[in-house]
Every structure is written in structure tokens, then in C-alpha cells.
Amino acid sequence: MERRVKGGSGIDAGGAAQLRRQDMAAVTSGAGRCRLIKVGAGRRPPPARVRVAVRLRPFVDGTARADDTPCVRGLDSCSLEIANWRNHQETLKYQFDAFYGERSSQQDIYAGSVQPILRHLLEGQNASVLAYGPTGAGKTHTMLGSPEQPGVIPRALMDLLQLTREEGAEGRPWALSVTMSYLEIYQEKVLDLLDPASGDLVIREDCRGNILIPGLTQKPLASFADFERHFLPASGNRTVGATRLNQRSSRSHAVLLVKVDQRERLAPFRQREGKLYLIDLAGSEDNRRTGNKGLRLKESGAINTSLFVLGKVVDALHQGLPRVPYRDSKLTRLLQDSLGGSAHSILIANIAPERCFYLDTLSALNFAARSKEVINRPFTNESLQLHVLAPVKLSQKELGPSEAKKARGPEEEEIGNPEPPALSASASQKFSPLQKLSSMDPAMLERLLSLDRLLGSQGTKGTPLLSTPKRERMVLMKTVEEKDLEIERLKMKQKELEAKVLAQEAVDSTEKENCSPPALRHLVCRNVTVAKPLKKAVVFPLQLIQEQAASPNPDIHILKKSRKRKLEHLDASEPNEKAKDCWELQISPELLAHGRQKILELLNEGSARDLRSLQRIGQKKAQLIVGCRELHGPFSQVEDLERVKVMSGKQLESFLKANVLGLAAAGQRWDAY
């Protein structure tokens, strides 16, 4: 919260605001924050405010002058003040959850702000740690540190793996596993640092509102050595660059995702999943001071844009606006759980004491003050899964008659003894609720019987196998009986259809044997005969055929009777069958010559319109024929069309077949008239 102080002394605001802040801090701090509150289905999860810690780095060697004084000064472990640039006689006072001065160590920051939230992961809740601040303020040093002074990430992983080993040891109710993923957001592209060749990844949201990244690499972690083996090479893949203010400036936002999966070893076999986001944000940059050009200028624009959207999201959450612009940037889309979502969030704002960083420091403090008012609602990510028992093979003595037959199969049922041993009296009494479920799956029956024997061996007196209520059990039994009846009905219908098909096949085979001539019954033993290919014939209208038949010219015939054999046997030793009469189209040469003469006359005397009345002659070919006739003179024969390139040989043959008979028959009809 921002406060104005005159003359360098602190003046508290209204007592109501102070009391409200103390109440909120009491709710969300200390042991009360680490306690898991189970929420019913009809209640909302309890609120948890985003906790904000500010870290002031010391002066960097070579950047401070001898008479340079810091622009920020810490007042106590939770508050600080900064000079007011509008009035140098006033200071602005800020109060946060924690303030770490220049002499604070990495262990102080980790133990005071980060370590308390790790316990929430073992309760199936999410947590996130964000490092925010201008470029050169020490964000990467806070998160990664050095081999001599490890940062938040290595310390958190070391403690988390130790917690999972203790909680997941033999004899404990939960089995735990830890996996890690590492990515960066570079120029609005989500890149997998564990697998740089995977390319740009997409950010999705499932039906329960959880943020997912399909295709992101996950590495299992069993020890801190496994973490170092995966994390150190992946850190080398992160994009960094040199500017005037920082020789190794982060050019992307880095996100380390650690997932803790828990599985309960005993009933009811619950599952929990907790996620830890460790985020090193790239710093906002003033290009006038950093001297960015070319690619560095483009990277700086992408960083500032994503941080601007992050500020809009915090403002929308702080003001309670109906729409929060999470989707305007991939960074805010990924931080949807951390800001206003379901995670316990810690924001570490890194600031610099130099006066040249004054505006950046003031902007970072204002952002941290607004983020402090953001409310999250963490909840436990828990689900139930039915425990799958290993299949147990039982002897036929332990199964009932119907179950034993079903387990043996149809082949063994026919060969084996038709009277299997019956179930014992004691087992029948214990298994009485399932007597009507005779068609149950044999594997399920085996499991139920093994569980029944186990309960009996432990001394349970008359413990029912099925503990479901009577009404639900009756509904289940009725449903199973209906399904059995439906299956039997379908089986009967299938048998009837098979019988009908067999009867129809028998009738068809009998008819074929009775209807086939005696001469063809023994053809199976003979060689195969081949029929001659059918000849093509031109079909004339009935009226034209009648006119041709009644024509007085006896020399022209359309149809003629001939005697020929239909089949030629491959085996010459067999006697030839008796030849039969058949009709064949035979055109007299006079009729063909007459048709060709008609076509030739039309080619030499007809106009383009007359030529289009011929088959296979269109507008283009008709104009071409008229042009050739005017250029070379009249055609002497129909084959001249091929010589003058009007049509090819195949086209000419098709043209004659389509036009000769029609023109010849038409000419004969007009001659008759």
C-alpha cells in the first residue's frame, strides 16, 4: 500500500485500514496458512492473498559514486520508504509482507518467504514463486544464485525432494513421485528448454480450469542429482544477451514447473497432484538506457509488452473488473493460476538502490503494492480411483456350476464332466447376494470369491460381500437380468437367421441341379470353351427398317440370315455341335458406296450449317472444311479430310461409321418417294 510521508517521518493512515491489513496478514501468514482446510462441495475455497516480499540489492561495484546515496531506505522488516520525485522533502512509504535489505542472504529470503509454502504441495495444492523487477535488479540471482550462494530454485528442490522421501517412505499411507519441466517464453513463443527442438508449444485449459501445455517434456526426479543433471544443461538453452546495464540480461521469461503426484496405498485410494511454479521474469527495460538495437530492441519490446499485460491483469484483479485479460499474453495465460487462481503465490520484487534506477524502482514498488491485494482461492486437487485387484485363478471346486462352465469355455464343457462339483454350503450362504448373477464375468467372480475368503479368514462374522444398499442392489440385479434376456433373444434371432440362410442355400443348389441340361452337367470335366467376341451393330428405327424391307430395290439388304456356330471348343477331338440359325447385320457394298457419295456431295456443295448436321462435325470443323474447299478445290474422296488435316485417321473412321448408313438409308427413302 502506498503512503505519503512528509519531512522524512512516517505517518500512519486510518486505523481501519491498518486493522484490516493486520487481520488479512493474520489469516494468510504463519501456521494458519500451512494448514489444509478441506472444503465441501457446496462451499467456496478459503481466500489466500498474494504475499509480496521486496528485496533491495546492494550497490554494484563501479556504478555508484562516492557521494551517491540510495533512493530507497528500509524502515523495518516489513516497510520501506523511497524519495518522492515530485517533492524532495517528502518520501513515499510502502508496507509489504516482508522486506529484505542489502545485508540479507539467500537463506533469509528462502526461509522467510518460500519455504513455508512447500508444505501445500503435499496437500495437493498449487504454489508459485515469481521474481519481478527491472533489468539488473537481481531477479536471476535471487532465483538461481551461485554455487556458493544457492538461490530459491535449488533450495526449494532440495527441501521438496527431502519431504517427498520422508512422506513416501515404506509404511506411510501415500506414495509420492516428483517430475520437472522447464520452459521459456521468448518473443511470445513457448519453448521447451529440456527439448529445444520441439518448437513453439501451445497453452491449453482443461475442463476443470487447469492450465496445460501439451507436448512439454517431463523428467522424473528421485534425487537432487537428477535435478542437476536435467536443469543445468537446460539453463544453458535459455536466451540471454548483453546490454549496457547487464552483461547477462535474461531475454525471456523462464518457468520451472515441479509436479508432485501422490497415490494413497490403502482404501479409498485417493490421488493428489500439486504443482510448484518457480518463475524468473525478464526485467522491464528502458531502451534509452540499455542501448538496445536490432534484435535486442525487438526482444525488449516483447518483454515490455508481456509485463504491461501482467500489470493490466493485476489492475483488473485489484479493481474487481468482470474481465481479466489473461489471454492477451502467453505469460499471463501461464500465470492464470498464480494471480487470481488456485495457487499460494509469493511475489519477490527486486529493486536497486541507485538513483539512476529510481523510476524503475518506483514502478516495481507500485506493481508490488497492487499485487498484494490480489486474492487467490487455493483448493486441493484430489480424485478417487478404483483400486484394481490382481486376477486370482480359482479351482472349479470354488466356483458354482454355471461359473465353472463359463470359465472352462465351450470346448472344455463338451469334453469335461457334465456335472461339476457344487458350491459348499458355507460359501453359498456368504455368496447369497450374488446367486441371481449367474452370468457375471468369471474374472469378477474370482475376485469377489477371493475377497470373501479373505474376509472370512480374518474373523468377520457374516460380513456381507456387497455393502451397497438394498434398493441399489435390486436395481443392479434387475438390470443384469434384463441384459441377459436381451442377449438370449439376440442369440435366438441369430440362430433363426442362420437356419434360413442354410435352407435357402440348399434349395438353390437343388434347383440348379434340376434345371441344368444334361449336356451341361458333364461340362465340368471338359475343357473350357471360349465364345467369340460380339460384333457391334447399328440399330435403326423400326419404321426405317420396314421401309427398307418394302423397298423395290432388291439389291440392298439390311439384315441377312446366316448359319454359324456360337461356340468353338478348344478340344478338337470332341464332335462339333449342330449349327444354329442366327441373324447378322450385313451391309451391301452398293449401300456403303451410296452413303459415301452422299457425304462427298455434302462436303463439296453444303454450307457450314449443312456440314454441322453430320455426326462428329462441329462449328470449328465445318468452317475448316469450307476453307479447305475454297483454297484447294472440291474433295475427290472422303479420305481427303485426313490429307488436309481436318481430322485424323481414327476420327475419319469414326466419322464414316456414324454417317454412312444414315445418309444412305435417307437417300434410299427419298428415292422411293
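Note on numbering: residues in each chain are counted from 1, in written sequence order. Per-residue local features of the predicted model are confined to residues with pLDDT of at least 70, and side-chain atom pairs are confined, for both listing and counting, to 80 or more; whole-chain, interface and lining totals are unaffected and use all residues. Note: side-chain values were computed over all heavy atoms of the structure, leaving out hydrogens and water.

## So, the overall build of the protein
A run of DSSP states H or I qualifies as a helix once it reaches four residues; a run of E qualifies as a strand once it reaches two. Both are numbered from the N-terminal end. Along its length, the protein carries 22 helices and 24 strands. The buried label applies to any residue whose accessible area, calculated with a 1.4 Å probe on protein chains only, is under 20% of its type's maximum; exposed applies above 50%, and partly exposed to all values in between. Each of the 673 residues in the protein was classed as buried or not, and the buried ones make up 37%. Contacts were defined at the residue level, with two residues in contact if any of their heavy atoms lie within 4.5 Å. Of the contacts formed within the protein by residues at least 6 apart in sequence, a portion of 68% connects residues at least 24 apart. Values of accessible area rely on a 1.4 Å probe in the Shrake-Rupley scheme; residue burial ignores everything except the protein chains shown. Surface accessibility of the protein: about 39,800 Å² in total, with carbon and sulfur atoms responsible for 55%.

## Here we look at the nonpolar core
By nonpolar core is meant a set of buried Ala, Val, Leu, Ile, Met, Phe, Trp, Tyr and Cys residues that side-chain atoms within 4.5 Å join together. If you look at the biggest cluster of nonpolar residues, it comprises 47 residues, and the most contacted ones within it are Tyr94 and Phe96. Residue contributions to this core peak at seven residues, all from helix H10 (residues 358-371). Phenylalanine 96 has contacts with Val52, Val54, Cys78, Leu80, Leu365, Ala368, Ala369 and Lys372, leaving out every residue within four places of it along the chain. Val129, Ala156, Leu157 and Phe231 belong to the second-largest nonpolar core, a separate cluster that totals 39 residues.

## Observations regarding the confidence of the model for the protein
pLDDT gives the predictor's per-residue confidence on a scale running from 0 to 100. Looking at the protein as a whole, its pLDDT mean stands at 75, while 68% of the residues score no less than 70. Confidence scores differ between elements of the protein, with helix H2 (residues 31-34) showing the lowest mean pLDDT of 34 and strand E13 (residues 219-221) the highest of 96. Counted against residues more than four places away or in other chains, residues 387-401, with its pLDDT under 50, gives 24 contacts. Confidence drops under pLDDT 50 across residues 460-466; counting only partners more than four residues distant or on other chains, this segment forms nine contacts.

## Quick notes on the side chain of serine 113
Following the sequence through the fold, serine 113 ends up in helix H3 (residues 106-114). Within the structure, serine 113 has its side chain in polar contact with the side chain of tyrosine 100 (distance 2.8 Å). With near-sequence residues (within four places) excluded, serine 113 lies in contact with Ala53, Ala98, Tyr100 and Ile346. Between N or O atoms, a polar contact is any pair within 3.5 Å; within protein, one atom must be a potential hydrogen donor and the other a potential acceptor, and residues adjacent in sequence are included only when both atoms are from side chains.

## Some thoughts on the environment of arginine 51
Structurally, the position occupied by arginine 51 is in strand E3 (residues 51-56). A residue is classified by how much of its surface remains accessible, and arginine 51, at 15% relative accessible area, is buried. Considering only alpha carbons, one finds arginine 51 and serine 371, 320 residues apart in sequence, at a separation of 8.3 Å.

## A few points about H10
The span you would expect from a helix comes to 1.5 Å times its residue count less one. Given a rise of 1.5 Å per residue, 14 residues ought to cover 20 Å, and the 20 Å separating the end C-alpha atoms of H10 matches this to within 8%. Most of H10 is tucked away, with 10 of its 14 residues classed as buried. All buried positions along H10 are accounted for by Tyr358, Asp360, Thr361, Leu362, Ala364, Leu365, Phe367, Ala368, Ala369 and Ser371.

## As for the packing of aromatic side chains
Side-chain rings of Phe, Tyr and Trp (the six-membered ring for Trp) are treated as a pair once their centres are within 6.5 Å; stacked means planes under 30 degrees apart, edge-to-face means over 60, and tilted covers the remaining angles. Under the defined criterion, the tally for this structure stands at five aromatic pairs. A ring pair is formed by tyrosine 94 and phenylalanine 96, whose centres lie 6.1 Å apart and whose planes are at 5 degrees; its orientation type is stacked. With relative accessibility at 5%, the residue phenylalanine 96 sits in the buried group. With 5.5 Å between their ring centres and 40 degrees between their planes, phenylalanine 224 and phenylalanine 227 make a pair best called tilted.

## Observations regarding the packing of helix H5 (residues 152-167) against helix H6 (residues 224-236)
Axis definition: a line fitted to C-alpha atoms, over the contacting stretch in the case of helices. Angles run 0 to 180 degrees between N-to-C directions. Where H5 meets H6, the axes come as close as 10 Å, and the angle between the chain directions of the two elements is 145 degrees. Judged by the twist between their axes, the crossing of H5 over H6 is right-handed. Contact residues: Ile153, Pro154, Leu157, Met158 and Leu161 in H5; Phe224, Phe227 and Phe231 in H6. Residue type decides the class: Asp, Glu, Lys and Arg count as charged, Ala, Val, Leu, Ile, Met, Phe, Trp, Tyr, Cys and Pro as nonpolar, and the leftover types, Gly among them, as polar. For the contact of H5 with H6, the class distribution of residues is eight nonpolar, no polar and no charged. The crossing is said to be left-handed when, going from far helix to near helix, the turn is anticlockwise and less than a right angle, and right-handed when the turn is clockwise.

## Quick word on the pattern of salt bridges
Two side chains of opposite charge can pair, provided their charged atoms sit close to one another. Between Lys or Arg on one side and Asp or Glu on the other, a salt bridge is scored when a side-chain nitrogen of the former is within 4 Å of a carboxyl oxygen of the latter. Inspection of every chain in the model, using the stated rule, returns 21 salt bridges. With a shortest N-O distance of 2.9 Å, arginine 272 and glutamate 382 are connected by a salt bridge. With a gap of 110 residues between them, arginine 272 in strand E17 (residues 270-280) and glutamate 382 in strand E20 (residues 382-384) connect regions that are remote in the sequence. We classify glutamate 382 as partly exposed; its relative accessible area is 35%.

## Description of the pairing of strand E8 (residues 126-132)
Within E8, seven of the seven residues are buried, which leaves it mostly tucked inside the rest of the structure. Side chains of E8 alternate between two faces, with Asn126, Ser128, Leu130 and Tyr132 and Ala127, Val129 and Ala131 buried alike.

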